[in-house]
Amino acid sequence: IKVQQMSNSSSITQFLLLAFADRRELQLLHFWLFLGIYLAALLGNGLIITAIAWDHHLHTPMYFFLLNLSLLDLGCISTTLPKAMANSLWDTRAISYQGCAAQQFFFFFCATAEFYILTIMSYDRYVAICRPLHYGTLLGSRACVHMAAAAWASGFLHSLLHTASTFSLPLCQGNALGQFFCEIPQVLKLSCSHSYLRELGLVVLSAFFFFCCFVFMVVSYVQIFRAVLRIPSQQGRHKAFSTCLPHLTVVSLFVSTSMFAYLKPPSISSPSLELVMALLYSVVPPVVNPLIY
């Protein structure tokens, strides 16, 4: 049986992604819709990157981390949406085995690094509002570069472990994925009985790290709001809230949808719900983030 499982896994040369529609007219409609969304994300994030890079007044820790966030947003949406657009345009569902592994690696890399950048941004806001006299010391240029590098390196390591673990599993449940890109839970559904427990353990471990980061964000914002409410002037409170609420909105959208997608119980799983959740955490944030900020 083990030999047969390995044979089935090694015989898979491509995966079939979820089609958004069967009718040709709807496929073309999806292509143009996704093209508009993708161009909006490219324009919005590109403008942020260009403005921060060229304007010396924006060479501050807050905008440095926002630059990193925009780069990762572009990475996330560029990993998933172009392939979905190409499949809709050419009326196909196929993605190669290597292409699926690469898509999963780069998406998980960008998404994980983005979560760590969002955590660092909450720390930046905490220091700016709660400990303003120590801002220059705690968030100097060298410290900012080190924190950003740690976020990118952590995302790379997480993604490398998950991709290697997922694609080393024997697959014996066909090659059709119930998602428009190569998502880890969808590949795990194709694995043989009990062989997915190792990767499931890695998912739980990553979820623990993400939960710790989320708790850190919550504690930071509790301290921030306590400090803001003590500001005597209404204008000062408004200015403080205006720098925090955009970040809190982005965090809430990204964290809630991604955690639901990866940690939801099987009893409430449905193809349409999984598709909506995937769109909310993989496509919507890169488009909405530039508008929010």
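Residues numbered from 1 in each chain as written. Predicted model: local features only at pLDDT ≥ 70, side-chain atom pairs only at ≥ 80, totals over all residues. Heavy atoms only, no water.

Colleague: Even after reading the chapter, I still don't get the packing of aromatic side chains, so can you show me in this structure?
Modeller: Think of a pair of aromatic rings as described by two things: how far the centres are apart, and how the planes are tilted against each other in angle. Per the stated rule, a full pass over the model turns up 19 aromatic pairs. Each ring, one from Phe180 and one from Phe181, has its centre 5.0 Å from the other, and the planes form 75°; the classification is edge-to-face. Phe181 carries the same exposure label as Phe180, and that label is buried. Through pairs of rings, three or more aromatic residues link up here, namely Phe105, Phe106, Phe109, Trp152 and Phe156. (Phe/Tyr/Trp six-rings, centres within 6.5 Å; stacked < 30°, edge-to-face > 60°. Buried < 20%, exposed > 50% of the residue type's maximum accessible area, 1.4 Å probe, protein only.)

Colleague: Help me understand helix H4 (residues 97-130) in this model?
Modeller: Residues three or four positions apart in an α-helix share a direction because the helix packs 3.6 residues into each turn. For H4, with 34 residues, the first-to-last C-alpha span of 49 Å sits near the 50 Å given by 1.5 Å per residue. In terms of residue burial, H4 counts as a mostly covered element, since 26 of its 34 residues are buried. (Helix = DSSP H or I, 4+ residues; strand = E, 2+ residues; numbered from the N terminus. Expected span 1.5 Å × (residues − 1).)

Colleague: How should I be thinking about the packing of helix H3 (residues 61-90) against H4 in this particular structure?
Modeller: What describes two packed helices is the angle between their axes and the distance between those same axes. It is at 9 Å that the axes of H3 and H4 come closest, and there the two elements cross at 160°. Between H3 and H4, the angle falls in the class roughly antiparallel. At the point where H3 passes H4, the crossing takes the left-handed sense. A breakdown of the residues in the contact of H3 with H4 according to their chemical character gives 16 nonpolar, 5 polar and 5 charged. (Axes fitted to C-alpha atoms, helices over the stretch in contact; angles between N-to-C directions. Parallel < 35°, antiparallel > 145°, perpendicular 65-115°, else oblique. Left-handed = near helix turned anticlockwise from the far one by under 90°. Nonpolar A, V, L, I, M, F, W, Y, C, P; charged D, E, K, R; others polar.)

Colleague: Explanation requested: the nonpolar core in the structure shown.
Modeller: Across soluble globular proteins, you tend to see nonpolar side chains buried next to one another. Within the largest apolar cluster, 50 residues are counted, with the highest numbers of intra-cluster contacts made by Ile117, Leu118 and Phe180. Going through the elements one at a time, helix H2 (24-54), H3, H4, helix H6 (141-166), helix H8 (197-229), helix H9 (234-263) and helix H10 (271-282) are the ones with two or more residues in this core. Counting residues per element, this core draws most heavily on H4, at 12 residues. Residues Tyr97, Phe167, Cys182 and Val187 belong to the second largest nonpolar core, which totals 13 residues. (Core = buried A, V, L, I, M, F, W, Y, C linked by side-chain atoms within 4.5 Å.)

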